[in-house]
Amino acid sequence: MRVVALGFGGAELDSAGRLHDYVAGVLAAYPPEEERLVVLPGLAGLYLGQCFGWLGKPGSTEEAYGAYLEFMAAQPGILEDIFGKLARENGCWLVTGSFPVRDAGNLYHEAALISPRGDVAGRQRQVFLSRAEKALGMSRGEDLHVFAAGSMKLGLLLQTDGFYPETGRILAAKGAGLVAHCGALPEGDNRWLQFSALWQQVQQNQFFAVESQLCAEVGGVAYGADCRIHAPTEMTEGYTGILAEGREPVSAVPDEKARQTVIQGYPLLKLLNPLAYGSLACEGGEGV
Amino acid sequence: MTLKETLFIRYLAHKTRPAVLQRHLQTLCKGCATTPDYNRRQLTAAAAQVHLDLVPDARDYVGTMHSFAARAAEAGASLLVYPENNSFPLLGLLPGIGEMAKNLDGEGDGPAVSVADLFRALGPVFNRVAHTTFSHLARHYGLWIVAGSYPTPVQGRVFNRALIYAPSGALAGTQDKVHLTLQEHQWAFTPGADFRVYTTPFGRLAAPVCMDATYFETFRILAGLGAEIVAVPIANPEAYNPWLALRGIWPRVQESLVYGVKSALVGELFGHTLTGKAGIFAPLPLTPNGDGVLAETQHPDREGFACAALDLEALRELREQHPYLGDKNPALMKKYFPGIYSTMGG
């Protein structure tokens, strides 16, 4: 499967048509017969809503969330329809990036996995929150799922989830071979911050990961970090653990057979020692 | 144990008797003993990078260990960490160790000797050398010392055990390596059963061993137990590559918000090349270059020394204010932990 990370950097996306052209333009560079997964970044819903003129001109993050939720209350499902059409017309699996959803009075970040037929194949909510997200009154999801996406078993992580190694361990235990991360980091020198997140999750779980980082402004905040495709160090040039990186588009075809060979030679998860974790398995875990 | 083996162990014990080593230590440790003075805002931690040279005389070993303690004291350090398998240089006390190495686990022509058997016999002698040495150095220099780890026999089983000495000279704590490598499993070592954190006058200290730092669980549990400084002795049997090396203590320090002190054993033994860089690591916002590294030795294959000042109060403040870390999701954790491990064959 070819995986492609997009961050919206520099793209003119003032309509659904332009979004389609943008994705189609990127995918045109790759062989059409390939199975493909496109991953959009964190805050994709807010950013696209802003680009499409749905949010007016939000002057702050809070205003952007408020305007988005108000618009979606009036036109529920509009963005999902756009994503469905995008996946169908491009014949790809699509991770939508994150968008805010209200459910029973709670506010979540959610991402959807769309099949090449345009159906919603799965949904994932963000499970750990940043300080800023807590200040916005957001809530946490309570599950992590692994979905069948073509030939891959796929897990989704949203934004802050990447910094919490528990998330990767759960997805690895559930059999994920590929994790898609929809990220949004305020612009700055994020190189080492990124290594402390998805890169380390990949190294201690030996799955692949595609990290899509938003490169655009939302609600007056500029976001910017490299998109990356990660693999266990042993199967990458120079042992960097990175198959591809840059602002966008970033693409690679992870080699599942090579990953299995790495795991056979160094079976990290078999060398865990759960007996020593006892009642302190993890903070908040059973018996704590 | 045969009579010949018993006599040999007694001979080794005599050659390494505490009186001989203490006399040598007294010669080395000149001047007044140091009185510790701890400042949580500026606490110097040091890490030794020890080159594995087999010693024909235990006094040579004492001399090497002393040189690091003297250097740490000169730098004003309160904590000094030595590497994993820090008794390996003492294998040089065995006549014909080179030949014996070929027969470890049946690889040579002679009778097979398992590594566990080797340390079952020699561990008590080597650990007594360690106790004599580090107890004295800790007392004289007023240091907290993580003496590195020692294959340690306990009721027939062999643990890879880290030893912690207080400035009183007392053995203040131990930590058995919990996550064994494939090689240590082959060597028939026994994994540790728990993680421990020790209280010092400057903060809470832990000392998991090498492979333990590969897994986030180690540091999560230790941080949950209050650890602020996590010392990790390593002896890594692979060619050095900075990306491979980055998979251990560095990410653990970032995700669990602790200081990390890594000490490395480097050199050649039994056909294995050990590499690594000793270093002091901190969460990204507490490092001047924003890269999570406060100090690191330059070369991964020769003797070295790293030291840096830690600010334990800044660490406490960071934990309270970190923009991304510190969130809790008890519902998620209760749902998945520890049950997920049952699917992993650990």
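To be clear, the structure that these remarks concern was listed above.
Below or above, wherever it landed, is the structure these notes cover.

Another point: the overall build of chain A. Tallying secondary structure elements over chain A gives eight helices and 15 strands in all. For 288 residues, the compact-globule estimate of 2.2 N^0.38 gives 19 Å, and chain A sits close to it at 18 Å. Residue pairs at least 24 apart in sequence account for 65% of intrachain contacts in chain A once pairs closer than 6 positions are excluded. When the accessible area of chain A is evaluated, it comes to approximately 10,400 Å², of which 49% is carbon and sulfur surface. With 22 positive and 33 negative side-chain charges, chain A shows a separation of 4 Å between the mean positions of the two kinds.

All names here are of chain B. With their axes 10 Å apart at the nearest point, helix α3 (residues 58–74) and helix α5 (residues 115–141) run at an angle of 25 degrees to one another. Of the possible angle classes, the one that applies to α3 and α5 is roughly parallel. For the pair α3 and α5, the crossing hand works out as right-handed. Residues Y61, V62, M65, H66, A69, A70 and A73 of α3 lie in contact with α5, whose contacting residues are V129, T133, F134, L137 and Y141. Here the contact of α3 with α5 is composed, by residue class, of ten nonpolar, two polar and no charged.

Time to look at helix α2 (residues 18–28) of chain B. Residues that lie three or four places apart on an α-helix share one face, since the helix turns once every 3.6 residues. All names here are of chain B. Regarding α2, the residues found buried are V20, L21 and L25. Here the buried residues of α2 occupy an arc of 130 degrees about the axis, which is enough to place them on one side. Away from its buried face by more than 90 degrees, α2 exposes R23 and Q26. Those residues of α2 hidden inside the fold are in contact with α3 and α5.

Once that is clear, we can look at the sheet that holds strand β14 (residues 242–246) of chain A. Residues and elements named next belong to chain A. With mixed pairing, six strands are arranged side by side in an open sheet as β7-β8-β9-β10-β13-β14. The open sheet is flanked by β7 (146–149) and β14, the only strands paired with a single partner. Pairs of neighbouring strands in the sheet enclose a mean axial angle of 20 degrees, with direction left out of account. Here four bridges tie strand β13 (residues 227–230) to β14, and the two strands are oriented antiparallel to one another. For R228, the partnering residue across the bridge sits in β14 and is E245. The strands that helix α6 (residues 165–173) touches are β7, β8 (152–158) and β9 (178–183); relative to β8, the one it contacts most, it runs at about 160 degrees.

A word on the layout of surface pockets. All names here are of chain B. Taken as a whole, the largest pocket spans an internal volume of roughly 870 Å³. Elements with a contribution of two residues or more to the lining of the largest pocket: α6 (182–186), β8 (229–234), α8 (242–245), β9 (259–269) and β10 (272–274). Here the residues of the lining of the largest pocket are counted per class, giving 22 nonpolar, eleven polar and seven charged.

The final tally for this structure, using the stated rule, is one cavity of 30 Å³ or more. As a volume, the largest cavity reaches approximately 50 Å³. Looking at the lining of the largest cavity, the elements that each hand over two or more residues are α7 (191–205) of chain A together with α9 (249–256) of chain B. In terms of residue count, α7(A) provides more of the lining of the largest cavity than any other element does, four residues in total. Considered class by class, the residues forming the lining of the largest cavity number four nonpolar, four polar and two charged.

In many reports, interface size means the accessible area that the parts give up when they come together. Residue-level contacts link 56 residues of chain B with 57 residues of chain A. In total, about 5,300 Å² of surface goes out of reach between chain B and chain A, with carbon and sulfur atoms giving 65% of it. In terms of surface lost to chain A, no three residues of chain B exceed B:W243, B:Y324 and B:D327, which account for 15% of the buried area on that side. If you look at where chain B meets chain A, you find six salt bridges. Among the ionic pairs, A:E234 bridges to B:R247, the shortest N-O distance being 3.0 Å. At the surface where chain B touches chain A, the tally comes to 30 residue pairs in polar contact (both at pLDDT 80 or more). Breaking the side of chain B that touches chain A down by element, the ones donating at least two residues are α6, α7 (216–224), α8, α9, α10 (312–321) and α11 (330–336) of chain B. Of all the elements, α11(B) adds the most residues to the side of chain B that touches chain A, at seven residues. For the side of chain B that touches chain A, a count of residues per class yields 30 nonpolar, 14 polar and twelve charged.

Procedures and definitions
Residues numbered from 1 in each chain as written. Chains lettered and ligands numbered in written order. Predicted model: local features only at pLDDT ≥ 70, side-chain atom pairs only at ≥ 80, totals over all residues. Heavy atoms only, no water. Helix = DSSP H or I, 4+ residues; strand = E, 2+ residues; numbered from the N terminus. Rg over C-alpha atoms; globule rule 2.2 N^0.38 Å. Contact = heavy atoms within 4.5 Å. Areas by Shrake-Rupley, 256 points an atom, 1.4 Å probe, with all protein chains shown as cover. Lys, Arg positive; Asp, Glu negative; His and termini not counted. Charge placed at Lys NZ, Arg CZ, Asp CG, Glu CD. Axes fitted to C-alpha atoms, helices over the stretch in contact; angles between N-to-C directions. Parallel < 35°, antiparallel > 145°, perpendicular 65-115°, else oblique. Left-handed = near helix turned anticlockwise from the far one by under 90°. Nonpolar A, V, L, I, M, F, W, Y, C, P; charged D, E, K, R; others polar. Buried < 20%, exposed > 50% of the residue type's maximum accessible area, 1.4 Å probe, protein only. Arc of directions from axis to C-beta. Pairing = 2+ DSSP bridges. 1 Å grid on protein atoms, 1.4 Å probe; cavity = no way out; pocket = protein on both sides within 12 Å on 5 of 7 lines; lining within 4 Å. Points joined across faces, edges and corners; volume = space filled by probe spheres on them. Buried area = accessible area lost by both parts, 1.4 Å probe. Salt bridge = Lys/Arg side-chain N within 4 Å of Asp/Glu carboxyl O. Polar contact = N/O pair within 3.5 Å; in protein donor to acceptor, adjacent residues only side chain to side chain.

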